[in-house]
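Overview (structure and organization)
Below, each chain spelled out in residue letters.
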Amino acid sequence: MIYDNHGRPITYLRLAVTDRCNLRCFYCMPAEGIQYMPKKELLTYEEMLRMVNLMASMGINKVRITGGEPFVRKDLMYFLRQLRQIKGIQDINITTNGVLTTEHVPELKQLGISSVNLSLDTFDRDRFKEITRRDEFDKVKACFDQLNAHRIPTKINAVVMEGKNTEDIIPLAELSRNHLVSVRFIEEMPFNGEGSHYPVLVWTHHKILQKLKERYSDIQKIKDAAHSTSYNYHIPGHKGEVGIIAAFSRTFCGSCNRVRVTAQGTLKTCLYDDGVLDIRQLLRSGVADEEVKNAMKNAFRQRPKDGFEAESLRKFSNPASESMSTIGG
Ligand code: SAM
Ligand code: SF4
């Protein structure tokens, strides 16, 4: 097990397998999209597998596959099968927008994927189109149904945006009534390729909770899992749960066990840093595994204490404003 310089174990890798996406979510990228990396600048699957193997030998036991949209990358299922073989990786999770995912759900079940986070900010077709700038609601709904049918533990990720989907908070929470899902409401962060949408964030975790309490006065706080980024609640009579992620307020940094690698192989030891190690360059330089591991260990041991410190240390763009599609969420 490896610990960072603040005594936090590092056990969780979030790996973006592509920066490309088939949606254009308002909170993630501009309508015209972002400048995608040339393919040769993205890590190959073989490079990712080598890197995950090395990280597993250092104590990382959980990997989340994200992007961009992971299922946009060719042969993702081949990669997941290989990833499944890596000793030490106990949990593989996926975050997806669901547009291309449905047909793969049976194999995801077979592979023992631990959970799928499905991004869905509204259950209203028109608002879905407005927020994602694409008319793909039916495919995402089909994916939700398919995940349920296969009993794959599913979390719904909904970013709460002033003027866009606040009327969806209760309908989305209602999904937890008859489904074994966790519906998580996320504070909007400035990672949209342009910068913050508001001078002050209106829909903070406090306000989201207040909205839930107005409708569900008996909502109960439940115990959060270790390293959980969400505050979790149970509504009496509901099968599932609801959660709130204070992603902008950054209340969860004290127990953060995660690192990120972008699709081009940049290591981020905090969501709010602007990259601390070029793993792709190391992997392509022909150095031995030990050297790659040592470089990663050094980076893990120089983590900022929280997202505010990380943001203040940024070298390239400050404040943070890159698209979440390049970071992976
Ligand atoms: N394309 C996949 C998807 O949407 O699920 C995976 C990548 S996406 C960048 C990962 C997560 O980041 C999604 O759940 C999305 O809602 C969240 N996200 C993207 N931009 C965000 C932002 N500006 N603030 C908060 N969450 C954001
Ligand atoms: Fe694509 Fe996911 Fe970003 Fe939406 S949040 S644009 S689906 S990467």
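This text gives an overview of the structure that appears in the document. (Residues numbered from 1 in each chain as written. Chains lettered and ligands numbered in written order. Predicted model: local features only at pLDDT ≥ 70, side-chain atom pairs only at ≥ 80, totals over all residues. Heavy atoms only, no water.)

This paragraph deals with the site of ligand 2. Neighbouring ligand 2 are C21, L23, C25, Y27, C28, M29, G68, N97 and S325. Its residues assigned to classes, the shell around ligand 2 shows six nonpolar, three polar and no charged. (Near = heavy atom within 4 Å. Nonpolar A, V, L, I, M, F, W, Y, C, P; charged D, E, K, R; others polar.)

Attention now moves to the sheet that holds strand β12 (residues 258-261). Spatially, 12 strands are ordered β9-β10-β11-β8-β7-β6-β5-β4-β3-β12-β13-β14 in an open sheet, and the strand pairing comes out mixed. For this open sheet the edge positions go to β9 (220-221) and β14 (277-278), each flanked by a neighbour on one side alone. One ladder, built from two bridges, connects strand β13 (residues 266-268) with β14; its direction is antiparallel. Within the sheet, the bridge partner assigned to T266 lies in β14 and is D278. Strand contacts of helix α1 (residues 45-57): β3 (12-16), β4 (62-66), β12 and β13, with the helix running at about 170° to β3, the strand carrying the most contacts. Its contacts with the sheet put helix α7 (residues 205-215) on β7 (154-160), β8 (181-187), β10 (230-234) and β11 (241-245), and the angle it makes with β11 is roughly 155°. (Pairing = 2+ DSSP bridges. Helix = DSSP H or I, 4+ residues; strand = E, 2+ residues; numbered from the N terminus. Contact = heavy atoms within 4.5 Å. Axes fitted to C-alpha atoms, helices over the stretch in contact; angles between N-to-C directions.)

Here we take up the packing of aromatic side chains. Aromatic rings considered in pairs are described by the distance between their centres and by the relative angle of their planes. For the structure on display, the rule yields six aromatic pairs. With 4.8 Å between their ring centres and 15° between their planes, Y45 and F79 make a pair best called stacked. Taken together, the positions of Y45 in helix α1 and F79 in helix α2 (residues 76-84) put the pair 34 residues apart, joining distant regions of the chain. Of the residues examined, F79 reaches a relative accessible area of 0% and is grouped as buried. Consider the rings of F191 and Y272, whose centres lie 5.2 Å apart with planes at 55°: the pair is tilted. Of this pair, F191 sits in the loop between β8 and α7 while Y272 sits in the loop between β13 and β14, placing them 81 residues apart in sequence. Each member of the aromatic cluster is reached from another via a ring pair, and the members are F123, F128, F137 and F144. In this arrangement the basic side chain of K221 is found over the ring face of Y233, its NZ or CZ atom lying 5.4 Å from the centre. (Phe/Tyr/Trp six-rings, centres within 6.5 Å; stacked < 30°, edge-to-face > 60°. Buried < 20%, exposed > 50% of the residue type's maximum accessible area, 1.4 Å probe, protein only. Lys NZ or Arg CZ within 6 Å of the ring centre and 35° of its normal.)

With that settled, the discussion passes to helix α4 (residues 125-132). If you check which residues of α4 are buried, you get R127, F128, I131 and T132. An end-on view of α4 places all buried positions within 115° of arc, on one side of the element. Looking at the buried side of α4, the elements it contacts are α5 (137-149). N-cap assignment for α4: the residue whose side-chain oxygen lies 3.1 Å from the backbone N of D126 is D124. Downstream of α4 by a residue or two, R133 has a phi angle that is positive, lying close to 60°. (Arc of directions from axis to C-beta. Polar contact = N/O pair within 3.5 Å; in protein donor to acceptor, adjacent residues only side chain to side chain.)

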